[in-house]
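Below are the chains, spelled out letter by letter.
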Amino acid sequence: MTGVLVVLTGSATNVMSYMHNFKKEYIGVGELHAAVSESRLRKTMKELVGRIYQRPPVRSAVSRRLRTREVFYFDLLEMMDRRFLFRAGTESGTYARKLINDVGLLLGTGAHMVELRRTIDGPFKEEDSHPMWDVAASLELYRRNGDDSLLRKVFLPVEMAVSAYASVYIKDSAVASVCHGANLAVGGVSSFEEPIAEGEDVAIKTLKGEFIAMGKAVKGSSALAKDKTGIAATTARVVMDRHLYPKMWR
Amino acid sequence: MKEEKRPTKARKLIVREESEPSWEYGYNPRSRPIDMLMNLAVVVLDKQGGPTSHDVVASFKRLVKLERAGHTGTLAI
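Remember, predicted model here, so these are calculated numbers, not experimental data.

Caption draft 1: Representation of the sheet that holds strand 9 (residues 166–170) of chain A within the structure. The mixed open sheet is built from seven strands, whose spatial order is 10(A)-14(A)-13(A)-12(A)-9(A)-11(A)-1(B). The sheet terminates laterally at strand 10 (184–185) of chain A together with strand 1 (12–15) of chain B, the two strands that pair on one side only. Judged from the two bridges that link them, strand 10 of chain A and strand 14 (residues 231–238) of chain A form a sheet pairing that is antiparallel. Pairing of A:Ala185 across the sheet is with A:Ile231, part of strand 14 of chain A.

Caption draft 2: A look at the pattern of salt bridges. Residue and element names in this part refer to chain A. Applying the stated criterion to the full structure yields 16 salt bridges over all chains. For Asp121, the salt bridge identified is with Lys24, shortest N-O distance 3.4 Å. Here the residue Asp121 occupies a position in strand 6 (residues 111–121), and Lys24 occupies one in strand 2 (residues 24–32), the gap between them amounting to 97 residues. Judged by its relative accessible area of 1%, Asp121 falls in the buried class. A salt bridge links Asp121 to Arg118, with the shortest nitrogen-to-oxygen separation between them at 3.6 Å. Accessibility classification places Asp121 together with Arg118 in one group, the buried group. Put simply, Lys24, Arg118 and Asp121 are held in one network by salt bridges that share partners.

Caption draft 3: Inspection of the domain arrangement of chain A at higher detail. Assigned domains within chain A: domain 1 (23–121), domain 2 (130–154) and domain 3 (165–238). Computed over C-alpha atoms only, the centres of domain 2 of chain A and domain 3 of chain A are separated by 35 Å.

Caption draft 4: Broad picture of the confidence of the model for chain B. All names here are of chain B. When pLDDT is averaged along chain B, the result is 86, and 83% of the positions lie at 70 or above. Per-element confidence in chain B is highest for strand 2 (residues 41–47), whose mean pLDDT is 97, and lowest for strand 3 (residues 69–71), whose mean pLDDT is 92. Of the regions scoring below 50 in pLDDT, residues 1–7 engages in 16 contacts with residues more than four places distant in sequence or in other chains. Across the interface, the model reports ipTM at 0.91; the global pTM reads 0.90.

Caption draft 5: Inspection of the nonpolar core at higher detail. Grouped together as the largest cluster of nonpolar side chains are 26 residues, with contacts concentrated most on A:Val168, A:Ile170, A:Leu184, A:Ile196, A:Val202 and A:Ile212. Of all the elements in the fold, those that place two or more residues in this core are strand 9, helix 5 (172–179), strand 11 (189–194), strand 12 (201–205), strand 13 (211–217) and strand 14 of chain A. With four residues, helix 5 of chain A is the largest single contributor of residues to this core. Every residue in contact with A:Val168, bar those within four places of it in the chain, is listed here: A:Leu184, A:Val189, A:Ser191, A:Phe192, A:Ile196, A:Val202, A:Ala203, A:Ile204 and A:Lys205. Ranked by size, the runner-up nonpolar core spans 23 residues in total, among them A:Leu8, A:Leu156, A:Val162 and B:Val44.

Caption draft 6: Summary view of the environment of B:Ala41. Along the chain, the position of B:Ala41 falls in strand 2. B:Ala41 sits in the buried class, given a relative accessible area of 0%. Once residues lying within four places of it in the same chain are set aside, the contact partners of B:Ala41 are A:Val7, A:Leu8, A:Thr9, A:Ala12, A:Phe155, A:Leu156 and A:Val158.

Caption draft 7: Structural detail: the side chain of A:Lys171. Residues and elements named next belong to chain A. Counting through the fold element by element, Lys171 comes out in the loop between strand 9 and helix 5. The class for Lys171 is buried, based on a relative accessible area of 14%. One polar contact links the side chain of Lys171 to the main-chain carbonyl oxygen of Gly187, over a distance of 2.7 Å.

Rules and cut-offs
Counting restarts for each chain, with residues numbered from 1 along the sequence as it is written. Labels are handed out in written order, letters beginning with A for the chains and numbers beginning with 1 for the ligands. In keeping with the model being predicted, local features are shown solely for residues with a pLDDT of at least 70 and side-chain atom pairs are shown and tallied solely at 80 or more, while totals for entire chains, interfaces and linings include all residues. Side-chain numbers here rest on the full set of heavy atoms in the structure, without hydrogens or water. Two strands pair if DSSP finds at least two bridges between them. Helix and strand labels come from DSSP, where a helix needs a run of H or I of at least four residues and a strand needs a run of E of at least two; each type is numbered from the N terminus. The term salt bridge refers to a pairing of a side-chain nitrogen on Lys or Arg with a carboxyl oxygen on Asp or Glu at a separation within 4 Å. Burial status follows relative accessibility: with a 1.4 Å probe on protein chains alone, a residue under 20% of its type maximum counts as buried, one over 50% as exposed, and anything between as partly exposed. Where each domain starts and ends follows an automatic or database-derived domain assignment. Residue-level confidence of the predictor, termed pLDDT, takes values from 0 up to 100. Contact criterion: two residues are considered in contact whenever any of their non-hydrogen atoms come within 4.5 Å of each other. The set of buried Ala, Val, Leu, Ile, Met, Phe, Trp, Tyr and Cys residues whose side-chain atoms join them within 4.5 Å is what this entry labels a nonpolar core. Polar contact is the term for a pair of N or O atoms within 3.5 Å; when the atoms are in protein, one must be able to donate a hydrogen and the other to accept it, and sequence-neighboring residues count only if both atoms are side-chain atoms.

The structure is reproduced here in structure tokens:
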């Protein structure tokens, strides 16, 4: 399999677990084990759009319990004899290989996946991806003459990885304590993006927009807007260097 | 690269208390020093066929000389 592989570096790896649930898009090639008309194939693929049952494959990283996954779209792009090119948009954790097997089962012919390429992972698209030689070239340019322009195209600020989560912007005076793992008090909050539900994962950021930590909202938007005291969010995973902002607590 | 991507759902900013940031510490996320950025980044790799996701991350770490890096979801399914 080829395509989009999202990598976090340094302390950004602390928020890895928040990146697993992104929607995915795949483009791939399937092969039917007997000839089928294009319209029949198209119709069968349409039947697999929506909520489907999948049992993870024998060789997989998760427990092999039957689970449901959502297929947002599953389109036939091209067909040539028994081979077909497809595009599928799926919930995270959907096995494309299984989806193609299901096409074969429903058609009664059998089918298997020949090739697969991930084209989208959450906010990250194929167009933004870099093969390893791009990374090598950008490093080479920087190491040779200090030009970091290519490097900055490859290494994107961690803030882009957490853009799917609502932001809570906090005062400079509260940054160091959150960096040290303290929970965020409402008094430390300057502004926030609504809506935020109680218990929702939020991205705690500085006034400059720097990502500090992932937190879990203790208060929803309305309480967060007006409450005078209490905890706004518990601090879950800290990414920011704790020495970047000065300690301002007494 | 583009500006920080906005969430798909339009989110409204609610101001609780105006506060001015100090520029004596911290950085604008888009212009943090390169050494700091490289250890606080997301890199979207275009994985080629052959090596596993794990192998790709291992060679990426070696190439960039990073102590820590990890991928967010295996490309083996």
